[in-house]
Amino acid sequence: MSPILSLRDVRRTYGEPPVAACAGVSLEVERGELVAVVGPSGSGKSTLLNLIGTLDRPTSGTVEIDGLDVASLSDADLSAVRARRIGFVFQQFHLADGVTAVDNVADGLLYLGVARSERRARARRALERVGLGHRLGHRPHQMSGGERQRVAIARAVVGNPPLLLADEPTGNLDSVSGASIVELLHDLNAQGTTIVVITHDNDLAAEMPRRVAIRDGRIVSDSGRAAPAGTAAAGVRAAPDRPAAVSAHDAPAGPPSPARPAAVGAQGEPDPTTKEQP
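Just so we're clear, the structure is a prediction, and the values are computed from it rather than from any experiment. For every chain, the first residue of the written sequence is number 1, and numbering continues from 1 onward in sequence order. Since the coordinates come from a predicted model, pLDDT governs what is reported: local features require at least 70, and pairs of side-chain atoms require 80 or more to be given and counted, while whole-chain, interface and lining totals use all residues. Calculation of side-chain values draws on the structure's entire complement of heavy atoms; hydrogens and water are dropped beforehand.

## Some details on the side chain of Asn-189
Phase 1 of the analysis: Along the chain, Asn-189 falls in helix H6 (residues 175-190).
Phase 2 of the analysis: The buried label applies to any residue whose accessible area, calculated with a 1.4 Å probe on protein chains only, is under 20% of its type's maximum; exposed applies above 50%, and partly exposed to all values in between. Its relative accessible area of 9% is what places Asn-189 among the buried residues.
Phase 3 of the analysis: From its side chain, Asn-189 meets the backbone oxygen of Thr-193 in a polar contact 3.0 Å long. Every helix listed is a DSSP run of H or I at least four residues long, and every strand listed is a run of E at least two residues long, numbered separately from the N terminus. Between N or O atoms, a polar contact is any pair within 3.5 Å; within protein, one atom must be a potential hydrogen donor and the other a potential acceptor, and residues adjacent in sequence are included only when both atoms are from side chains.

## Focus on the pairing of strand S7 (residues 163-167)
Sheet faces and side chains relate simply in a regular strand, where the side chains alternate between the two faces.
Phase 1 of the analysis: Most of S7 sits inside the fold, with five of its five residues counted as buried.
Phase 2 of the analysis: Because side chains alternate across S7, one face comprises the buried residues Leu-163, Leu-165 and Asp-167, and the other comprises Leu-164 and Ala-166, equally buried.
Phase 3 of the analysis: Crossover connection from S7 via H6 to parallel strand S8 (residues 194-199): handedness right-handed. When the strands point away from the viewer, a crossover counts as right-handed if the route from the first strand across the helix to the second turns clockwise.

## Section: the nonpolar core
Proteins that are soluble and globular tend to have nonpolar side chains buried together.
Phase 1 of the analysis: Judged by nonpolar contacts, the single largest core of 41 residues is most densely connected at Val-105, Leu-127, Val-151, Ile-153 and Leu-164.
Phase 2 of the analysis: Where this core is concerned, the elements lending two or more residues are strand S3 (34-38), helix H3 (101-106), helix H4 (116-129), helix H5 (145-157), S7, H6, S8 and helix H7 (202-206).
Phase 3 of the analysis: With six residues, the single largest contributor to this core is H5.
Phase 4 of the analysis: We call two residues contacting when some pair of their heavy atoms lies within 4.5 Å. Excluding anything up to four places from it in sequence, Leu-127 contacts Ala-101, Val-102, Val-105, Leu-132, Gly-133, Leu-136, Val-151 and Ala-154.
Phase 5 of the analysis: Val-10, Val-70, Phe-88 and Phe-90 belong to the second-largest nonpolar core, a separate cluster that totals 30 residues. Throughout this description, the term nonpolar core refers to a set of buried Ala, Val, Leu, Ile, Met, Phe, Trp, Tyr and Cys residues connected via side-chain atoms within 4.5 Å.

## Some thoughts on the sheet that holds strand S2 (residues 19-29)
Phase 1 of the analysis: Here a strand pair is declared whenever DSSP counts at least two bridges between the two strands. Spatially, the four strands line up as an open sheet ordered S2-S1-S4-S5, and their pairing is antiparallel. Strand pairing shows two members of the sheet lacking a second neighbour, S2 and strand S5 (68-69), which therefore form its edges.
Phase 2 of the analysis: Direction of pairing for strand S4 (residues 60-65) relative to S5: antiparallel, over a ladder of two bridges. Counterpart to Glu-64 in the pairing with S5 is Asp-69.
Phase 3 of the analysis: Fitted lines through C-alpha atoms give the axes, limited to the stretch in contact for helices. The angle between two N-to-C directions lies from 0 to 180 degrees. Strand contacts of helix H1 (residues 45-52): strand S1 (5-14), S2 and S4, with the helix running at about 120° to S1, the strand carrying the most contacts.

## Observations concerning the sheet that holds strand S6 (residues 86-89)
Phase 1 of the analysis: On the basis of which strands lie adjacent, the open sheet formed by six strands has the order S6-S7-S8-S3-S9-S10 and mixed pairing. The open sheet terminates on both sides in strands that have one partner only, identified here as S6 and strand S10 (218-222). With direction set aside, neighbouring strand axes in the sheet form an average angle of 20°.
Phase 2 of the analysis: Seen against the sheet, H1 touches S3, S6, S7, S8 and strand S9 (210-215) and runs at an angle of roughly 155° to S7.
Phase 3 of the analysis: On the sheet, helix H2 (residues 75-85) packs against S6 and S7 and is oriented at approximately 75° with respect to S6.

## Describing H4
Note on helix geometry: an α-helix contains 3.6 residues per turn, so any two residues three or four positions apart are oriented the same way.
Phase 1 of the analysis: A helix's residues, less one, multiplied by 1.5 Å, set its expected span. For H4, which comprises 14 residues, the first-to-last C-alpha distance of 20 Å matches the rise-based estimate of 20 Å (1.5 Å per residue) to within 8%.
Phase 2 of the analysis: Along H4, the residues classified as buried are Arg-119, Ala-121, Ala-123, Ala-126 and Leu-127.
Phase 3 of the analysis: Tucked into the core, H4 has its buried residues touching H3 and H5.

## So, the packing of aromatic side chains
Phase 1 of the analysis: A pair of Phe, Tyr and Trp rings is counted when the ring centres sit within 6.5 Å of each other, with Trp represented by its six-membered ring. The angle between the planes then sorts it: under 30 degrees is stacked, over 60 is edge-to-face, the rest tilted. Tallying each qualifying case throughout the model produces one aromatic pair.
Phase 2 of the analysis: Seen in terms of ring centroids, Phe-88 and Phe-90 are 5.9 Å apart; in terms of plane orientation they differ by 15°. Their pairing is stacked.

## A closer look at the pattern of salt bridges
Phase 1 of the analysis: For this analysis, a salt bridge means a side-chain nitrogen from Lys or Arg found within 4 Å of a carboxyl oxygen belonging to Asp or Glu. Tallied over the full model, the rule gives twelve salt bridges.
Phase 2 of the analysis: The salt bridge involving Arg-8 is made with Glu-64; its shortest N-O contact spans 3.2 Å. Of this pair, Arg-8 sits in strand S1 while Glu-64 sits in strand S4, and the two are 56 residues apart along the sequence.
Phase 3 of the analysis: Owing to a relative accessible area of 36%, Arg-8 belongs among the partly exposed residues under this scheme.
Phase 4 of the analysis: Judged by relative accessible area, which is 21%, Glu-64 ranks as partly exposed.
Phase 5 of the analysis: Each of Arg-31, Asp-66 and Arg-85 takes part in one network of salt bridges that share partners.

Take a look at the structure:
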């Protein structure tokens, strides 16, 4: 089975003369992994997030999401990939004010051709999954920061995407709320969701089974591929063109957010890569 995410010698440059924000990154993430990409401000992790999330295209190299080569896809196809295959969680939550939790989450299915009653039913199940079954009718201003982030996570997973990207998911939270979000990410991963966390926080990265450190647009260390959730322990294996993995605990440890959760959860057109619609 192919990895859920594969980057091979990916470069992204801007301006003239070109400045490399991503300078030859090769990385594979297997299905069921929980990975932290950690680096300081200006390290290139936000650029990497945009490339992984198909919000940007590489200048050169190959990005594959769930076996699909991003370079071969039209903009409409990329919207469909984001809608069906990637869930996004951002530091700022991006919840609609004055809208209940269940309707905020149901919005994640708006462009998938799902009837309103079914959207709300799925939203209720997603909220129960993140421990907010008792907050279905609450609006953002009636919830704590940790609860709002749980709503955002529920919206990201309501369409059951195989890949979840979490950009500084604890950045706006106190330590107690942040710890609860980390626990939730581990729970979702144990249920089979592949998760990539983008962060500058070394403490948060240390909570993840695999840590990939980035600096100056390059991967400087990778603690190695952990066994995917629900499988027996696997040996550490570096990405194809990396040397043997080393620990990233002491590596230095951010990000553009779309104006609206357009990429959060499941916005996009019907997927031209599949014949059946949900």
